[in-house]
Structures are given as C-alpha cells and as structure tokens.
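Chain by chain, the residues:
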Amino acid sequence: MSSRPGPTDPSPEPGATAALRLTRSISATWWYIAVAIAFFQLTVVLLLVDALVTARFGVTTARLLGAGGLVWWAVTLLPLRSYRHRAEDAPLVVWRQHLAALVVSAVYGAVAGPVTGAWLYAVLPLAQALVLLNWPPGVRARVTLAVTALLAALAVVDVHAGASSPDWYQLVFFAVLLPVMTVSSLWWWDVLVRLDRARASEARLAATQERLRLAHDVHDLQGHHLQVVALQLELAERLMPQDPEAGMEQLRAARASVDDARQGTRDLATRFRSVPLRDELANAADLLRAAGTSVRTTVDPGADDAPADALGPVIRETTTNVLRHGGGRWAHLSLARTDGAWRYEIANDVARRGDDGVPDGSGGAGLEGLARRAADVGGALVSRREGETFTVVVTVPDRPTEPAVTDKEAAR
C-alpha cells in the first residue's frame, strides 16, 4: 500500500476485540467456504441413504436415517454459522451454539451405528460436531488428525467385519474425509481473517503516522516561535520602565515573530493541501482498498495541472463519505478535463440504510460544505442516486476564481 497520507482512517468499531468485525470484501469468501462444507456434509447424508437402499435395508429405514441425517446436518450449521465471527479468545464450547449439535450428533450416531451395523457411522456425527468447537489452532489440527485416524480405523474394521458392502466404499471415503475437509476450509478462513485485519491495521497505522508527523511539524514550528515570543515579551516588560524605546523594539520583534509563526503555519498547511491530484487519487484508492472496497480509477494524463487547492479537499472528503456511508463493495473515481474545466466524479454502491436507501450524510453538511467550496472558485457540485449507485460530480474551472475575502480576513 502506498505510504502517502490518507484523508482519514477506518476507525475500528467498538468492542472489536470481543467480536470479529469483517470488511465486505471477504464476506463472499465466507459464504463459499460455508456452502462447500455444508454441501460436503449433505453429500455424506445422501450417500448414506443411497447405500441403505442399495443394501436393501428397507425404504422406511432409509427414510428414517435420511431424515435423522438431515436434522444432524441442519443443527451442525449453527456452530458453522457462528464461526464466521468467532473471537480468538472464545471458550471451547459456547452452549447456545454447540449444545444442540453435540446432543443431536450423539443421538443420531447412537441410532445410525446399530442400524447399519457400522462403527464408522456411529462415531462420524459426533466427530463432525467436535471439530466445529472453538479449538485453538494447534489443538484443532491434532484433534482433527486423531478423529480422522479413528474414522479410518473404524472403516477398516467395518470392512473386515462385513458391515460395509463394496457399494459403500464411496460413502466411506467421503465420511472419513469430512472432518479434514471441514477443518481445512475453516483454517483457510482464519488465514483470510488475519490478512483482513492486517490490512485494516495497516490503513490505520498509515493515517496515525501521518497525524504524528503533522503534529510533530506543528509542535516544532509553534513551539520555537512561541518560545521566542515569550522571551521577547519578557524582555520588553523589563526594559519598558527604564528604556521605553528598547522595550518597544522588543514588542515589534515579538509581533514579527508572531507573523513568522503565522506564515510558517500557512506554509505547512499549503504543503499538505497542495499534494498533486494524481497522488491524491492514488492515495484515496489505496485507502478504499485497505478498507476492502474494489476500486477503479480513471485519471486524465494532465491531472498534475488540475487545481489541487480546489479539488484536493473534495477528493479527501468524498473518500471519507464512501468509507463511512457507502456500501463498501466498489467505488469508481475519475478526473478528466472537459471544455476548459476539470470534472471529478466518484461513484459507489449505496449502503442499505434509511427508508429511502440514500447513504446517511449524503445530503448533509459534508456535501453542502463541498458545494460551497466549489461555488467559491466558480465551480459546482451535483450529487445523485441511481438505483444502487450514489454519485458525486464536482466541476471547477481550469483557472479557479479567487474566493472572496471577508473584512475580517482582510484585517488579518
């Protein structure tokens, strides 16, 4: 990610250490993983029903065990669903999430084992429920290996005892691999979560470092001048009774020091405001990507000639609005020159909030302030919502007009 300063940082939500907060970019990945695990387990249930019918256990027996298998499959979705937002310090068993799965799995195994005459099907349901507990990473791997070895050994015993016919080998294969497939998929999810948290931390760290650098520069600038002014005023106070002229000279020097401090502060602010727009856009895109948003940018080759003082704050403020109020899935930023003017446009998906579906703050003080800023330099701001897309367009002249100076500012 770029080290350029960002307009804002995505602040962590309250209680982030107690429960996992995820960006939208990996939510789809979670559903792929969860559906894959659920489908694999459902396949085992369907294969068991097919094997029972093939082995002539009777339609009633096959239906009963199939219905029980569907109940077992359904209750194991509860701990699987809760795993998405699992905290690292979560207890091994959260009863409201795991109790139903453990009880139903134990009962189903106790029924399926004697009916089929296979130890494998007596142990498999409870084994699957056990690997879905909140094991620490290293312990989970050892538990999974032990469970898989036990299931493989029971499968061999069942085959040698004649409990499983050759038609059941496909079912045995899927049953033995079910815990391994489940845990390996959850391990991949844990890796993605750590990467997502690192990406969010990187964005916050970059913004914090920039704030510290700015604070350090302001401290050095103001601290130096204030110390000089304090010494000059103290000296003027001492000289005034005996040598008024010398005291006045120190007062004039103090005033000059104040003017130097003011000018230095303006120069510092100008340095931050006058970042080339190409860099502003790249930095905004980096920050949005760090927050998990898919970003596309279109930048005019002559973007360095665009009025940075007028459009730079607009880019920073609109990026902040997307982070705070947008849907978080995608955003498109563009800067182009058209008919003697520069046109900046940012479009993003709409967060599903409010009765009208418009992002909070889309028509509030933030965009109103940007509209006034654009109007001060002879430009205009237009915002619109089309379906699930919210767009802000700001147009400023190639050579912006100087904002009007108030009497108060002139007096300064």
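Computed from a predicted structure; not experimentally measured.

Side chains that are nonpolar tend, in soluble globular proteins, to be buried together. Judged by nonpolar contacts, the single largest core of 44 residues is most densely connected at Trp30, Leu80, Leu120, Tyr121, Leu171, Leu186 and Trp189. Residue contributions to this core peak at 11 residues, all from helix α1 (residues 27–54).

The next point concerns the environment of Leu251. Secondary-structure assignment places Leu251 in helix α7 (residues 244–273). Residue Leu251 is classed as partly exposed on the basis of its relative accessible area, which comes to 32%. For the pair Leu251 and Glu237, spaced 14 residues apart in sequence, the C-alpha separation works out to 9.0 Å. Excluding its chain neighbours within four sequence positions, the residues that come into contact with Leu251 are Leu233, Ala236 and Met240.

Within the fold, Thr116 resides in helix α3 (residues 95–116). At a separation of 3.4 Å, a polar atom in the side chain of Thr116 contacts the main-chain amide nitrogen of Ala118.

With that settled, consider the packing of aromatic side chains. Counted according to the given criterion, the structure contains four aromatic pairs. With a centroid separation of 6.0 Å and an interplanar angle of 15°, the aromatic rings of Trp72 and Tyr108 are classed as stacked. Pair noted here: Trp72 is in helix α2 (residues 59–82) and Tyr108 is in helix α3, with a separation of 36 residues, a long-range link. Each member of the pair, Trp72 as well as Tyr108, is classed as buried.

This part is about the confidence of the model for the protein. For the protein, per-residue confidence averages 79 on the pLDDT scale, and 84% of positions sit at 70 or higher. Across residues 1–21, where pLDDT falls below 50, the model places 41 contacts with residues more than four positions away in sequence or in other chains. Under a pLDDT of 50 for its full length, residues 354–364 has, in the predicted model, 18 contacts with residues more than four places off or in other chains.

Right, let's talk about the environment of Asp196 for a bit. Looking at the element boundaries, Asp196 is found in helix α6 (residues 169–239). Residues Asp196 and Ala291 lie 95 residues apart in sequence; the distance between their C-alpha atoms is 8.7 Å.

Right, let's get into helix α4 (residues 119–131). Taking 1.5 Å as the rise per residue, α4 with 13 residues should run 18 Å; its terminal C-alpha atoms sit 19 Å apart, in good agreement. Of all the bends in α4, the greatest, near 25°, is centred on Pro125. Within the sequence span of α4, burial applies to Leu120, Tyr121, Leu124, Pro125, Ala127, Gln128, Ala129 and Val131.

Across all of its chains, the model carries 10 salt bridges by this definition. Between Arg238 and Glu234 there is a salt bridge, and its shortest N-O distance comes to 2.9 Å. Here Arg238 pairs with Glu234, and both are found in helix α6, just four residues apart, close to one helical turn. The class for Arg238 is exposed, based on a relative accessible area of 58%. For the salt bridge of Arg316 with Glu280, the shortest nitrogen-to-oxygen distance reads 2.4 Å.

Another point: the sheet that holds strand β2 (residues 326–338). The strand order across the open sheet built from five strands is β1-β2-β3-β5-β4, with neighbouring strands paired in mixed fashion. Looking at the sheet topology across the chains shown, the edges are occupied by β1 (294–299) and β4 (380–386). Averaged over all pairs of adjacent strands, the angle between strand axes in this sheet comes to 10°, irrespective of strand direction. Inspection of the sheet shows β4 paired to strand β5 (residues 389–397) by seven bridges, in the antiparallel sense. Directly across from Arg385, in β5, lies its bridge partner Phe390. Where helix α9 (residues 308–325) meets the sheet, it contacts β2, β3 (341–350) and β5, and its direction lies at approximately 5° from that of β3.

Turning next to the pairing of β5. Bridge count for β3 against β5 is nine bridges, and the pairing is antiparallel. Note that in β5 the partner of Asn348 across the bridge is Phe390. Between β4 and β5, which pair antiparallel and follow one another directly, the connecting turn spans two residues, one of which, Gly387, has a positive phi of 65°.

Parameters at a glance
In this numbering scheme, every chain counts its residues from 1 along its sequence in written order. Reporting of local features is limited, given that this is a predicted model, to residues whose pLDDT is at least 70; pairs of side-chain atoms are given and counted only at 80 or more, and all residues count toward the totals for whole chains, interfaces and linings. As a rule here, side-chain values come from all non-hydrogen atoms in the structure, and water together with hydrogens is ignored. In these notes, a set of buried Ala, Val, Leu, Ile, Met, Phe, Trp, Tyr and Cys residues joined through side-chain atoms within 4.5 Å is what counts as a nonpolar core. Three labels apply to residues, based on accessible area from a 1.4 Å probe with only protein chains included: buried if under 20% of the type maximum, exposed if over 50%, partly exposed otherwise in between. Where helices and strands are cited, they refer to DSSP runs of H or I of at least four residues and of E of at least two residues respectively, numbered from the N terminus. We call two residues in contact whenever any of their non-hydrogen atoms come within 4.5 Å of each other. Polar contacts, as used here, are pairs of N or O atoms within 3.5 Å; protein pairs need one atom able to donate a hydrogen and one able to accept it. Residues neighboring in sequence count only if both atoms are side-chain atoms. Aromatic rings from Phe, Tyr and Trp, with only the six-membered ring used for Trp, were paired whenever their centres fell within 6.5 Å, and each pair was classed as stacked if the ring planes differed by under 30 degrees, edge-to-face if by over 60, and tilted otherwise. You can read pLDDT as the predictor saying how much it trusts each residue, on a scale of 0 to 100. Working rule for helices: expected span equals 1.5 Å times residues minus one. Axes are fitted to the seven residues ending at a residue and to the seven starting at it; the angle between these axes is taken as the bend at that residue. Here a salt bridge means any side-chain nitrogen of Lys or Arg lying within 4 Å of a carboxyl oxygen belonging to Asp or Glu. Here, a strand pair is defined by DSSP locating no fewer than two bridges between the strands. Fitted lines through C-alpha atoms give the axes, limited to the stretch in contact for helices. The angle between two N-to-C directions lies from 0 to 180 degrees.

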